[in-house]
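Residue-level structural notes
Below, each chain spelled out in residue letters.
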Amino acid sequence: IRVPASANVRLIMNGEAEGSFTLDLAEVEGSTVLATTTFAAVPSSVGTIATMSVSAGTAIADALPLLVDENGDGTTDFSLVSKPGEVVVPDLTPPKTTAAPTGTLGAGGWYRSSVSVTLSATDDASGVKDTFYSLNNGASWNLYNSPFVLDEGITTIQYYSTDTAGNIEEAQSLTIKVDMTAPEAVLAFSPATGNIALTGRDNLSLVTVTSPFTLTDEAGNSTVLTIKK
């Protein structure tokens with residue numbers, strides 16, 4: 001289809017079968033091809049509507065948008081823009097985000113220091129746009145810009161990323177347990193037996209008496225009692 005440069009054109013393509021299609025565009029002056037671009041591997045099914053509007057004087061370098069409504073419900077599911085000399089393919093895969101905690105690891109998956117958490121996202125197609133994280137079970141979300149620090153306690157981090165094509169990653173989660181405080185010793189004297197019982201108390205993890213005078217919590221923090229005569 002040749003369209004005069006002075007015309008306003010709206011191209012509408014209707015899907016008639018499951019599969020994909022390719023749309024080649026060329027900007028021509030006389031017999032000279034000034035620029036080309038290709039939209040390739042664009043998914044299509046029965047009901048798909050793909051549209052492109054070209055205003056008079058618009059060039060391929062002006063990022064002509066191809067809007068794709070996959071199921072024909074009137075909502076654009078994704079869009080592509082022209083790039084001179086390039087083949088443009090849809091990015092339908094969300095980015096992937098990983099969380100890397102850094103701190104002094106104790107026992108049982110507990111940390112014995114504050115923990116710095118770094119979020120890293122990758123996207124093989126359109127590129128990562130933003131990464132978000134929540135520390136309150138998704139009640140609110142923070143835009144991730146740099147590593148953040150978790151102090152003592154048990155915290156579940158939720159996180160996800162978006163890409164420039166509009167794909168949104170399903171939120172992932174990671175639970176970080178931090179216990180930096182040694183357990184407290186509790187001595188109880190029994191008048192009936194005349195014995196002193198030693199137990200431990202810790203606000204975060206369980207405490208065991210690992211020797212007659214040593215208390216250790218699940219993170220590996222210890223309190224040692226010294227008995228003087």
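The notes below deal with the structure included here. (Residues numbered from 1 in each chain as written. Predicted model: local features only at pLDDT ≥ 70, side-chain atom pairs only at ≥ 80, totals over all residues. Heavy atoms only, no water.)

As for the pairing of strand β10 (residues 115–122)
Worth spelling out the cut-off: At least two DSSP bridges between two strands are needed for those strands to be called paired. Labels follow the DSSP assignment, with helices taken as runs of H or I lasting at least four residues and strands as runs of E lasting at least two, numbered in each case from the N terminus.
Judged from the seven bridges that link them, strand β8 (residues 96–102) and β10 form a sheet pairing that is antiparallel. The residue bridging Pro 101 from the neighbouring strand is Val 117, located in β10. Relative to strand β13 (residues 148–150), β10 runs antiparallel, the two being bridged by three bridges. Within β13, the position partnered with Ser 116 by the bridge is Val 149.

Looking at the environment of Glu 18
Worth spelling out the cut-off: Residue contacts follow a heavy-atom distance rule, with two residues in contact if any of their heavy atoms lie within 4.5 Å.
Within the element layout of this structure, Glu 18 appears in the loop between β1 (9–14) and β2 (19–29). As a C-alpha pair, Glu 18 and Val 46 span 28 residues in sequence and 6.4 Å in three-dimensional space. Apart from residues no more than four positions distant in its own chain, Glu 18 is found in contact with Ser 44 and Ser 45.

A few points about the sheet that holds strand β20 (residues 222–224)
Neighbouring strands of a sheet are bound in pairs by backbone hydrogen bonds; such pairs are parallel or else antiparallel. Formally: Note on method: axes are straight lines fitted to C-alpha atoms, helices fitted across the in-contact stretch only, with angles between N-to-C directions ranging 0 to 180 degrees.
In spatial order, the strands read β18-β19-β20; together these three strands make up an open sheet with antiparallel pairing. This sheet does not close on itself; its edge strands, each paired only once, are β18 (207–211) and β20. The mean angle between the axes of side-by-side strands here comes to 25 degrees, regardless of whether they run parallel or antiparallel. As paired elements, β18 and strand β19 (residues 214–217) share four bridges and run antiparallel to each other. Looking at the pairing, Val 207 lines up with Asp 217 of β19.

Regarding the pattern of salt bridges
Worth spelling out the cut-off: Salt-bridge detection follows one rule: a side-chain nitrogen of Lys or Arg within 4 Å of a carboxyl oxygen of Asp or Glu. When a residue's accessible area, from a 1.4 Å probe over protein chains only, is under 20% of the maximum for its type it is buried; when over 50% it is exposed; and in between it is partly exposed.
On inspection of all chains with the given rule, the structure shows one salt bridge. Between Arg 201 and Glu 184 there is a salt bridge; the shortest N-O distance is 3.0 Å. With a gap of 17 residues between them, Arg 201 in strand β17 (residues 195–201) and Glu 184 in strand β16 (residues 184–190) connect regions that are remote in the sequence. With a relative accessible area of 45%, Arg 201 lands in the partly exposed category.

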